[in-house]
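Chain residues, written in single-letter form:
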Amino acid sequence: RAKRDGGGVARRFDPVLFAKAEQRRLAEHDLMRGLEAGEFEVHYQPIVDLDNGGITVGVEALVRWRHPEKGLVPPALFLDLAEQLGQVPRLGGWVLEEACRQALAWQVQFPGFEMNVNLSASQLTNPKLIQEVREVLERTGLPPRDLVLELTESVALTDLVESARVLSQLKELGVRIALDDFGTGFSSLSHLSTLPVDVVKIDRSFVQAMPETGGASVAEAVLHIARTFNLSPVAEGVEDAGQAERLKDLGAGRAQGYHFARPMPAIGVTELLDKQSAEVKLEM
Ligand code: C2E
Ligand code: MG
Ligand code: MG
Ligand code: MG
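Residues numbered from 1 in each chain as written. Chains lettered and ligands numbered in written order. Predicted model: local features only at pLDDT ≥ 70, side-chain atom pairs only at ≥ 80, totals over all residues. Heavy atoms only, no water.

- In the annotation of an unreviewed UniProt entry, the protein is listed under the name Diguanylate cyclase (GGDEF)-like protein and assigned to Actinoplanes xinjiangensis.

Overview of the nonpolar core
Right, so step 1: Membership of the largest hydrophobic core comes to 74 residues, with the highest contact counts inside it found for Tyr44, Met115, Leu147 and Leu170.
Right, so step 2: Here this core takes 8 residues from helix α3 (residues 88–107), the largest share from any one element.
Right, so step 3: Beyond its immediate sequence surroundings of up to four residues, Leu147 is in contact with Leu96, Cys100, Met115, Val117, Val133, Leu137, Leu142, Val175 and Arg176.
Right, so step 4: Counting residues in hydrophobic clusters, the runner-up holds 5 residues, among them Ile47, Val148, Ala178 and Val234. (Core = buried A, V, L, I, M, F, W, Y, C linked by side-chain atoms within 4.5 Å. Buried < 20%, exposed > 50% of the residue type's maximum accessible area, 1.4 Å probe, protein only. Helix = DSSP H or I, 4+ residues; strand = E, 2+ residues; numbered from the N terminus. Contact = heavy atoms within 4.5 Å.)

A word on the coordination of the magnesium ion (ligand 3)
Right, so step 1: Distances from the magnesium ion (ligand 3) to its protein donors, Asp180 (OD), Asp181 (OD), Glu236 (OE) and Glu236 (OE), fall within 1.9 to 2.7 Å.
Right, so step 2: All donors of the magnesium ion (ligand 3) belong to a single chain; written as a sequence motif, their spacing is D-D-x54-E.
Right, so step 3: Taken as an interatomic distance, the gap from the magnesium ion (ligand 3) to the magnesium ion (ligand 2) is 3.6 Å; Asp180 donates to each of them. Residue Asp180 is found in strand β6 (residues 176–182), and its partner Glu236 is found in the loop between β8 (232–235) and α11 (241–249); the two are separated by 56 residues along the sequence. As far as the burial class goes, Asp180 and Glu236 line up, both buried. (Donors = N, O, S within 2.8 Å, 3.2 Å for Na, K, Ca; no water.)

Concerning the side chain of Ser217
Right, so step 1: Mapped onto the secondary structure, Ser217 falls in the loop between α9 (204–208) and α10 (218–228).
Right, so step 2: Among all residues touching Ser217, those that are not within four sequence positions of it are Met210 and Pro211.

Looking at the layout of surface pockets
Right, so step 1: Roughly 1100 Å³ of internal volume is contained in the largest pocket.
Right, so step 2: Considering the residues around the largest pocket, the lining is formed by 38 residues, among which Glu60, Leu62, Pro75, Asn118 and Asp180 are closest to the centre.
Right, so step 3: Every element with two or more residues in the lining of the largest pocket is listed here: β2 (55–67), α2 (79–84), α3, β4 (114–118), α4 (121–124), β5 (147–152) and β6.
Right, so step 4: Considering every element that reaches the lining of the largest pocket, the biggest residue donor is β2, with 5 residues. (1 Å grid on protein atoms, 1.4 Å probe; cavity = no way out; pocket = protein on both sides within 12 Å on 5 of 7 lines; lining within 4 Å. Points joined across faces, edges and corners; volume = space filled by probe spheres on them.)

Here's the deal with the packing of aromatic side chains
Right, so step 1: Enumeration according to the criterion identifies 6 aromatic pairs in this entry.
Right, so step 2: Between Tyr44 and Trp106 the ring centres are 5.1 Å apart and the planes differ by 85°, which places this aromatic pair in the edge-to-face class. Residue Tyr44 is located in strand β1 (residues 40–49), and its partner Trp106 is located in helix α3; the two are separated by 62 residues in the primary sequence.
Right, so step 3: The class of Tyr44 is buried, set by a relative accessible area of 2%.
Right, so step 4: These aromatic residues form a ring-pair network of at least three members: Phe40, Trp65 and Phe78.
Right, so step 5: Over the ring of Tyr258 we find Arg262; its NZ or CZ atom is 3.8 Å from the centre of that ring. (Phe/Tyr/Trp six-rings, centres within 6.5 Å; stacked < 30°, edge-to-face > 60°. Lys NZ or Arg CZ within 6 Å of the ring centre and 35° of its normal.)

Examining the site of ligand 1
Right, so step 1: The local shell around ligand 1 holds 23 residues, among which Arg64, Asn118, Asp180, Glu239 and Tyr258 are the closest.
Right, so step 2: Glu60 is positioned with one of its side-chain polar atoms (N or O) 2.9 Å from an oxygen atom of ligand 1.
Right, so step 3: The backbone of Tyr258 places a nitrogen or oxygen atom 2.8 Å from an oxygen atom of ligand 1.
Right, so step 4: Look at ligand 1: alone it shows 800 Å² of surface, and the protein chains cover 82% of it.
Right, so step 5: Of the pockets mapped on this structure, ligand 1 occupies the largest pocket.
Right, so step 6: Where the shell around ligand 1 is concerned, the elements lending two or more residues are β2 and β6.
Right, so step 7: Element by element, the count of residues in the shell around ligand 1 is highest for β2, at 4 residues. (Near = heavy atom within 4 Å. Polar contact = N/O pair within 3.5 Å; in protein donor to acceptor, adjacent residues only side chain to side chain. Areas by Shrake-Rupley, 256 points an atom, 1.4 Å probe, with all protein chains shown as cover. Sits in = over half its atoms within 2 Å of the grid points.)

Side note on empty space enclosed by the protein
Right, so step 1: Following the criterion strictly, the structure yields 1 cavity of 30 Å³ or more and no others.
Right, so step 2: Considering only enclosed or pocket space, the largest cavity measures out at about 40 Å³ in volume.
Right, so step 3: Together, Pro89, Gly92, Gly93, Leu96, Gln123, Asn126, Leu129 and Glu132 line the largest cavity.
Right, so step 4: Elements represented by at least two residues in the lining of the largest cavity include exactly α3 and α5 (129–140).

Comments concerning α11
Right, so step 1: The complete set of buried residues in α11 reads Gln243, Ala244, Arg246 and Leu247. Projected down its long axis, α11 carries its buried residues within an arc of 170°, all on one side.
Right, so step 2: On its buried face, α11 sits against α9 and β8.
Right, so step 3: The backbone nitrogen of Gly242 has a side-chain oxygen 3.0 Å away, supplied by the residue at the start of α11, namely Asp240.
Right, so step 4: Looking one or two places after α11, you find Gly251, whose phi comes out positive at around 80°. (Arc of directions from axis to C-beta.)

The structure is reproduced here in structure tokens:
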């Protein structure tokens, strides 16, 4: 039998810890392999204009991993690890270019069609970000005003002074900035006047908490704030017609959610836009 160790320094082999470390090692290896093999795809979720019959005026780019064994893997299952491995700037740069290229293709049919792209903390603090965005805009030819970069509050607020500086530089390129998941972070209000933001995306938790009839809601309050600061609101996570109707009445302007469309591969958006333009022509 093993002698009890006095100082607690000696370690027994712990099969659970070992299994965890092994699993992690495999996950890291798999992710690096997937990146190398180009297994990532950009899907797009339509953003609709509530005041204009719900037509699609833009999309949000959302990354997915087409895993050879696991199928389509959502970002919640790999972004953290990619972040820890320092791969998000590289992956995000690819998403940005792919999305801008795609947006330009859709603009042939719909001039002014907008592309929203998410940026993570590590992308915002990457000193190469400004140069990269400028180059992508030049290479793809997308008008800068049609690109909206989305940041979650937590990202923008970690280092407020630095964020404000980077966001101003991005704005000088002509792109627009959206605060994502608005209202879920801390002290969001006090920073609206500090950060050069154009759009607020109302988090889906507030949209889904709206009362069925009457009554005040956080969504309504956020819309008020948006108006006060002259920001364009987009309601996220709209899942039913009732929510869509109420948001329209509250003047939300734009919305996104499963009620309108799920995120889909580019071809799905192309088909949707074809259908939409056929309908517009029929009405004329
Ligand atoms: P997000 O930017 O807030 O994106 C919206 C998320 O809500 C998406 O999840 C979308 O599929 C989901 N969603 C849309 N409508 C509804 C709805 O009606 N109901 C519900 N329950 N959910 C809805 P997804 O694609 O899994 O992305 C999750 C998060 O991962 C994103 O949240 C974003 O923060 C991050 N992300 C996605 N793609 C990228 C990327 O290319 N770069 C970076 N840095 N982050 C990304
Ligand atoms: Mg987003
Ligand atoms: Mg969001
Ligand atoms: Mg959200």
